[in-house]
Amino acid sequence: GDVVNVPVNVGGLTGLDVVSYQFKVLFDPAIIEGVAIVTDGTITPSGWFVVGNTDVPGEISVAASGVTGASGAGTLIYLQYNVVGSSGSTPISFDNFTFNMGEPGANTTDVAFTILESVIDTVEVSIPIDLEGSTGDVVNVPVNVGVTSQ
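Here's what I pulled together on the structure shown here. (Residues numbered from 1 in each chain as written. Predicted model: local features only at pLDDT ≥ 70, side-chain atom pairs only at ≥ 80, totals over all residues. Heavy atoms only, no water.)

**Things to note about the pattern of salt bridges**
Piece 1. One pass over the full model with this rule turns up two salt bridges.
Piece 2. Among the ionic pairs, Glu 59 bridges to Lys 24, the shortest N-O distance being 4.0 Å. Taken together, the residues Glu 59 in strand β5 (residues 59-70) and Lys 24 in strand β2 (residues 18-26) connect sequence positions 35 residues apart.
Piece 3. Residue classification places Glu 59 among the buried positions, given a relative accessible area of 18%.
Piece 4. Lys 24 sits in the partly exposed class, given a relative accessible area of 24%.
Piece 5. A salt bridge links Lys 24 to Asp 95; the shortest N-O distance between them is 3.8 Å. Here Lys 24, found in strand β2, pairs with Asp 95, found in strand β7 (residues 88-99); they are 71 residues apart in sequence, far enough to count as distant.
Piece 6. On the basis of relative accessibility, which here comes to 33%, the residue Asp 95 falls in the partly exposed class.
Piece 7. Each of the salt bridges in this network shares a partner with another, and the network as a whole consists of Lys 24, Glu 59 and Asp 95. (Salt bridge = Lys/Arg side-chain N within 4 Å of Asp/Glu carboxyl O. Helix = DSSP H or I, 4+ residues; strand = E, 2+ residues; numbered from the N terminus. Buried < 20%, exposed > 50% of the residue type's maximum accessible area, 1.4 Å probe, protein only.)

As structure tokens, then:
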């Protein structure tokens, strides 16, 4: 299935001296499976120790800490999933999200992940076979693409 990165976004952390966070998310393993955690392109400072556990079906656990405080607003971390279902939806629910062992407090919002059905069944490509040219000639080849939808 497809691999998707789901961002965990946070509001302004500047001045809050956030040097750690931990949380668990729960989801339906018949729809998606946890693959990894990704910190590239996030506000989690480089040099932090970040560990994720994706071994338990239906959950991803994350713990992160460092010396330099996280600051700003944006994506804290990405949760990477593999889509394993062919259709359906699952909530992605936070379980016990904390910064710095509880301070500052954190309010979480659960999200829904829905598998969208493909609208393209077949792509037909046709190239004419009656083209002529000599060595060194530029020949324009028309390519016709037709999409058959559901």
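**So, the nonpolar core**
Piece 1. The biggest cluster of nonpolar side chains holds 26 residues, and the ones touching the most others in it are Tyr 21, Phe 23 and Tyr 81.
Piece 2. Listed by contribution, the elements that provide at least two residues to this core are β1 (3-10), β2, β5, β6 (74-83), β7 and β8 (111-115).
Piece 3. Here this core gets five residues from one element, more than from any other, and that element is β6.
Piece 4. Other than its neighbours up to four places away in sequence, Tyr 21 contacts Thr 44, Trp 48, Val 62, Ala 63, Ala 64, Leu 76, Ile 77, Thr 98 and Phe 99. (Core = buried A, V, L, I, M, F, W, Y, C linked by side-chain atoms within 4.5 Å. Contact = heavy atoms within 4.5 Å.)

Interpretation note: all reported values are geometric properties and have no functional meaning in isolation.
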